[in-house]
Amino acid sequence: MNIESLLNYQNLDSELFKIEQKISASPYRKKANELTVIAKKSQTRSTELEAEAEKVLADIADIKEKYEINKKKMDEMLGEKVDDMTIEDIDKASGLRAKIVSNLNILEKMLQKAAENVNRILAEFNKAKKTFDDARTQFAVCKQKIDEETKSSEPEKEKIRKQLAVLEKDVEPTLMAEYKKKRADNIFPVIVPLEGENFCGRCRMELPKVAISHIKEKGMITCEHCKRFVYKK
Ligand SMILES: [Zn+2]
């Protein structure tokens, strides 16, 4: 097995890996992820506030209806002629009137409180909407930056890919296929040297004795723990 050619390949591939890492570690990408979370949160809050507003508006309609009933009753009573009433009736009517006045006062206060609630909900809703809009605007800026970074790295990446394609010809196809599969799974470096007599050069896990004898026979093995190829220098 020609390990040297695979090491050569990996050596150049590490340049490509570095560029990929740099792009994925871009602060714009991090910021874009944060903004997505913010946008989602403010959207959820807006939906909650909408439901809250609906409930308060229904309450207001209910209060107004009750107010109208009491008001109508009061108007009726004011229209009644006291002359036709007995003392007892007058007493009763005045008691009822006092009750209605108290009802109207309570309902007015409830209405005022509900109106304050509507204002609070509206203010919070506007705030949530602004947060959402701001996050979306900033996200678009980040997205553009990320695209620019990706695009500007493309010529260099393409150059390396072309050189890799040349180096690939010296590597056994099955080995190359396995390498690429691991690489696609974000395992890098894919091939590492044996450390000491029996440790994986990457994850430092002790390799079984039988694996060590395989290294001597085949030139390399796969670490069971980190899935990397391990070779003896
Ligand atoms: Zn390992």
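The preceding data block contains the structure.
Residues numbered from 1 in each chain as written. Predicted model: local features only at pLDDT ≥ 70, side-chain atom pairs only at ≥ 80, totals over all residues. Heavy atoms only, no water.

Visitor: For this particular structure, what's the right way to read the overall build of the protein chain?
Guide: A count of helical and extended segments in the protein chain gives 5 helices and 4 strands. Order of helices (α) and strands (β) in the protein chain, N terminus to C terminus: α-α-α-α-β-β-α-β-β. For 233 residues, the compact-globule estimate of 2.2 N^0.38 gives 17 Å, and the C-alpha radius of gyration of the protein chain, at 39 Å, exceeds that figure by more than 25%. In terms of its C-alpha atoms, the protein chain occupies a principal-axis envelope of roughly 120 × 45 × 25 Å. Within the protein chain, the fraction of its 233 residues that count as buried is 29%. Taking as baseline every contact in the protein chain between residues at least 6 positions apart, the subset at least 24 positions apart corresponds to 70%. Counting every atom, the protein chain has about 16,100 Å² of accessible surface; 55% of that belongs to carbon and sulfur. Placing the 46 positive and 42 negative side-chain charges of the protein chain at their respective mean positions leaves the two points 7 Å apart. (Helix = DSSP H or I, 4+ residues; strand = E, 2+ residues; numbered from the N terminus. Rg over C-alpha atoms; globule rule 2.2 N^0.38 Å. Buried < 20%, exposed > 50% of the residue type's maximum accessible area, 1.4 Å probe, protein only. Contact = heavy atoms within 4.5 Å. Areas by Shrake-Rupley, 256 points an atom, 1.4 Å probe, with all protein chains shown as cover. Lys, Arg positive; Asp, Glu negative; His and termini not counted. Charge placed at Lys NZ, Arg CZ, Asp CG, Glu CD.)

Visitor: Can you walk me through the nonpolar core in this structure?
Guide: Buried together is how nonpolar side chains tend to be arranged in soluble globular proteins. Within the largest apolar cluster, 21 residues are counted, with the highest numbers of intra-cluster contacts made by Leu6, Tyr179, Ile191, Met220 and Phe229. Of the residues forming this core, the biggest block, 9 residues, is contributed by helix H1 (residues 3-24). What Ile191 contacts, discounting residues up to four positions off in sequence, is Ile3, Leu6, Leu7, Gln10, Met220, Phe229 and Tyr231. With 13 residues, the next largest nonpolar core counts Leu49, Val56, Ala93 and Ile100 among its residues. (Core = buried A, V, L, I, M, F, W, Y, C linked by side-chain atoms within 4.5 Å.)

Visitor: Looking at this model, I keep getting lost on the coordination of the zinc ion. Mind explaining?
Guide: A metal bound by six donors in octahedral fashion has ideal angles of 90 or 180 degrees, whereas one bound by four tetrahedral donors has an ideal angle of 109.5 degrees. For the zinc ion, every protein donor is listed as Cys200 (SG), Cys203 (SG), Cys223 (SG) and Cys226 (SG), and the spread of their distances is 2.2 to 2.3 Å. Mapping the donors of the zinc ion onto the primary sequence gives the spacing C-x2-C-x19-C-x2-C. With Cys200 in strand E2 (residues 199-200) and Cys226 in the loop between strand E3 (220-222) and strand E4 (229-231), this residue pair connects regions lying 26 residues apart in the sequence. Assessed through its relative accessible area of 0%, Cys200 is described here as buried. (Donors = N, O, S within 2.8 Å, 3.2 Å for Na, K, Ca; no water.)

Visitor: Sorry, what's going on with the packing of aromatic side chains here?
Guide: Evaluation of the coordinates by the stated rule reveals 2 aromatic pairs. With a centroid separation of 5.3 Å and an interplanar angle of 90 degrees, the aromatic rings of Tyr9 and Tyr179 are classed as edge-to-face. Placement of Tyr9 in helix H1 and of Tyr179 in helix H4 (residues 173-184) is noted, with a sequence separation of 170 residues between them. Each of the two residues, Tyr9 as well as Tyr179, counts as buried. (Phe/Tyr/Trp six-rings, centres within 6.5 Å; stacked < 30°, edge-to-face > 60°.)

Visitor: Whenever I open this one, the sheet that holds E2 confuses me. Can you help?
Guide: Two strands in a sheet stick together by hydrogen bonds in their backbones, pointing the same way (parallel) or opposite ways (antiparallel). Pairing in this open sheet of 4 strands is mixed, and the strands run E2-E1-E4-E3 from one edge to the other. Strands at the two margins of the open sheet, each flanked by one partner only, are E2 and E3. One ladder, built from 3 bridges, connects E3 with E4; its direction is antiparallel. Looking at the pairing, Ile221 lines up with Val230 of E4. In the packing of H1 onto the sheet, contacts are made with strand E1 (191-195), E3 and E4, and the angle to E1 comes to roughly 120 degrees. Here H4 sits on the sheet in contact with E3 and E4, set at roughly 125 degrees to E4. (Pairing = 2+ DSSP bridges. Axes fitted to C-alpha atoms, helices over the stretch in contact; angles between N-to-C directions.)

Visitor: How should I be thinking about the pattern of salt bridges in this particular structure?
Guide: In a structure, side chains of opposite charge can pair up when their charged atoms sit close to one another. Following the criterion strictly, the structure yields 19 salt bridges and no others. Two residues, Arg45 and Glu48, come together in a salt bridge whose shortest N-O distance is 2.6 Å. Of this pair, Arg45 and Glu48 both sit in helix H2 (residues 27-79), 3 residues apart, roughly one helical turn. Residue classification places Glu48 among the partly exposed residues on the basis of a relative accessible area of 41%. As a salt-bridge pair, Lys180 and Glu168 come within 3.0 Å of each other at their nearest N and O atoms. You can see Lys180 sitting in helix H4 and its partner Glu168 sitting in helix H3 (residues 87-168), a full 12 residues away along the chain. Classification of Lys180 as partly exposed rests on a relative accessible area of 37%. Each of Arg45, Glu48, Glu52, Arg120 and Glu124 takes part in a single network of salt bridges with overlapping partners. (Salt bridge = Lys/Arg side-chain N within 4 Å of Asp/Glu carboxyl O.)

Visitor: Where do I start with unusual backbone geometry in this structure?
Guide: Each neighbour pair has its own omega, and for Phe188 with Pro189 the value is -5 degrees, a cis peptide bond. Turning to its location among the elements, Pro189 is positioned in the loop between H4 and E1. Positive phi outside glycine occurs at Arg204, with the angle close to 65 degrees. With respect to the helices, strands and loops of the structure, Arg204 is situated in the loop between E2 and helix H5 (209-218).

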